[in-house]
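Fold and geometry: a report
Given next are the chains, with one letter for each unit.
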Amino acid sequence: MMEMNENNMRGIHTYVLRTGRMTEAQKKAYSIHSARWCIPYQNSIINFTDVFENVNPVVIEIGFGMGRATAIIAAENPDKNYIGIEVHKPGIGKLLVEIEQRGLSNLRIIEYDAIEILENMIPDDSVSAFHVFFPDPWPKKRHHKRRLMRRPRTDLIARKLAPGGCIFMATDWQPYGEEACSELAATPALENLYNGFAPVQAWRPETAFEKKGKAQSHGIYELVFRKKRQEENGD
């Protein structure tokens, strides 16, 4: 496995921009509602209390796809705030439709590269949970360096987690799930809450990518890692 550090991680994207067409409803939602529900990328730390006008815990989802599961989770947990990160405009437009139709006030979107958002906008020790559901598995070996769940990216995600906060990951690509488990286990601030893969998380709605994977007879592999508290680190 290639050794990666923060320097050679920069410039290697964990996503590819797809050229899917936006429906008229998605275009309209993006045009009308993005100013209200999307947080512009900025090169400075944001204040969650200012963004949401409350002090509720904040959950970040990296790569929400078309956003249906994201909207369901936010609707079912009004006592939590959610930030969805995505670069795919049709998905952003679709989630904006969901936000308006469901009357959600606890969900925001940032349209930018997740790594740069985490590095430059998100305070350390501030996020109650990360959701990473069916990220691109980058199955070809030469593309493995693009996988999100690889160190030092996992160290960055852990740094942003509040102590006791969790990373929830799900994939239908077993080799990626196994590598992610290994990489997360090697991240010093984290501990696996299960012996290997986690049981299916019943609170997590099925995503479009998950449905497609199941149709191809893929298994579903879930991980739950928790950020250790200071006393657990021996500090």
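Cut-offs used in this document
- Residues numbered from 1 in each chain as written.
- Predicted model: local features only at pLDDT ≥ 70, side-chain atom pairs only at ≥ 80, totals over all residues.
- Heavy atoms only, no water.
- Helix = DSSP H or I, 4+ residues; strand = E, 2+ residues; numbered from the N terminus.
- Buried < 20%, exposed > 50% of the residue type's maximum accessible area, 1.4 Å probe, protein only.
- Contact = heavy atoms within 4.5 Å.
- Areas by Shrake-Rupley, 256 points an atom, 1.4 Å probe, with all protein chains shown as cover.
- Axes fitted to C-alpha atoms, helices over the stretch in contact; angles between N-to-C directions.
- Parallel < 35°, antiparallel > 145°, perpendicular 65-115°, else oblique.
- Nonpolar A, V, L, I, M, F, W, Y, C, P; charged D, E, K, R; others polar.
- Lys, Arg positive; Asp, Glu negative; His and termini not counted.
- Salt bridge = Lys/Arg side-chain N within 4 Å of Asp/Glu carboxyl O.
- Polar contact = N/O pair within 3.5 Å; in protein donor to acceptor, adjacent residues only side chain to side chain.
- Core = buried A, V, L, I, M, F, W, Y, C linked by side-chain atoms within 4.5 Å.
- Pairing = 2+ DSSP bridges.

All right, on to the overall build of the chain then. Helices and strands together make up the secondary structure of the chain, namely 9 helices and 7 strands. Each of the 235 residues in the chain was classed as buried or not, and the buried ones make up 49%. For the chain, the proportion of contacts with a sequence separation of at least 24, taken over those separated by at least 6, is 81%. Carbon and sulfur atoms form 49% of the exposed surface of the chain, whose accessible area is close to 11700 Å².

Tracing the sequence through the fold places Phe48 in helix α3 (residues 48-52). Residue classification places Phe48 among the buried residues on the basis of a relative accessible area of 11%. As for Phe48 and Ser126, which are separated by 78 residues in sequence, their C-alpha atoms are 9.0 Å apart. Beyond its immediate stretch of four places on either side in the chain, Phe48 contacts Glu53, Asn54, Val58, Ile83, Ile122, Pro123 and Ser126.

This brings us to the packing of helix α2 (residues 24-37) against helix α5 (residues 89-102). Geometrically, a packed helix pair is captured by the angle between its two axes and the distance between the axes. Taken N-terminus to C-terminus, the directions of α2 and α5 make an angle of 70 degrees; their axes are 8 Å apart at the nearest point. Taken as axis vectors, α2 and α5 run roughly perpendicular relative to one another. Residues Ala25, Gln26, Ala29, Tyr30, His33, Ser34, Arg36 and Trp37 of α2 form the contact with α5, whose own contacting residues are Lys89, Pro90, Ile92, Gly93, Lys94, Leu96, Val97, Ile99 and Glu100. In terms of residue class, the contact of α2 with α5 is made up of 9 nonpolar, 4 polar and 4 charged.

Below, the discussion takes up the side chain of Arg108. By the secondary structure assignment, Arg108 is in strand β3 (residues 107-110). Of the side chains with opposite charge, Glu53 comes closest to the buried, unpaired Arg108, at an N-O distance of 6.5 Å. A distance of 3.0 Å separates the side chain of Arg108 from the backbone oxygen of Ser105, its partner in a polar contact. Residue contacts for Arg108: discarding those within four places in its chain leaves Arg36, Trp37, Ile39, Val51, Phe52, Tyr82, Ile83 and Gly84.

Take the nonpolar core next. Of all hydrophobic cores here, the largest spans 34 residues; its most connected members are Ile60, Ile62, Ile83, Ile122, Phe130 and Met149. Those residues within four positions of Ile62 in sequence are excluded, and the remaining contacts are Ile85, Ala114, Leu118, Phe130, His131, Val132, Leu148 and Ile157. Ranked by size, the runner-up nonpolar core spans 27 residues in total, among them Ala29, Cys38, Leu95 and Leu96.

Within strand β7 (residues 221-227), 7 of the 7 residues are buried, leaving the element largely enclosed by the surrounding structure. Because side chains alternate across β7, one face comprises the buried residues Tyr221, Leu223, Phe225 and Lys227, and the other comprises Glu222, Val224 and Arg226, equally buried. With 6 bridges connecting them, strand β5 (residues 161-171) and β7 associate as antiparallel partners. Looking across to β7, one finds that Phe168 is bridged to Val224.

Taken as a whole and judged by the stated rule, the model has 15 salt bridges. When the shortest N-O distance is used, the salt bridge between Lys27 and Glu24 registers 3.6 Å. Separated by 3 residues within a single helix, Lys27 and Glu24 lie in helix α2, roughly one turn from each other. On the basis of relative accessibility, which here comes to 42%, the residue Lys27 falls in the partly exposed class. The salt bridge partner of Glu98 is Arg102, with a shortest N-O separation of 2.7 Å. With Glu98 and Arg102 both in helix α5 and 4 residues apart, this pair spans about one turn of that helix. One network of salt bridges, in which partners are shared, links Arg204, Glu206, Glu210, Lys214 and Glu222.

Nothing here speaks to function; it is geometry throughout.
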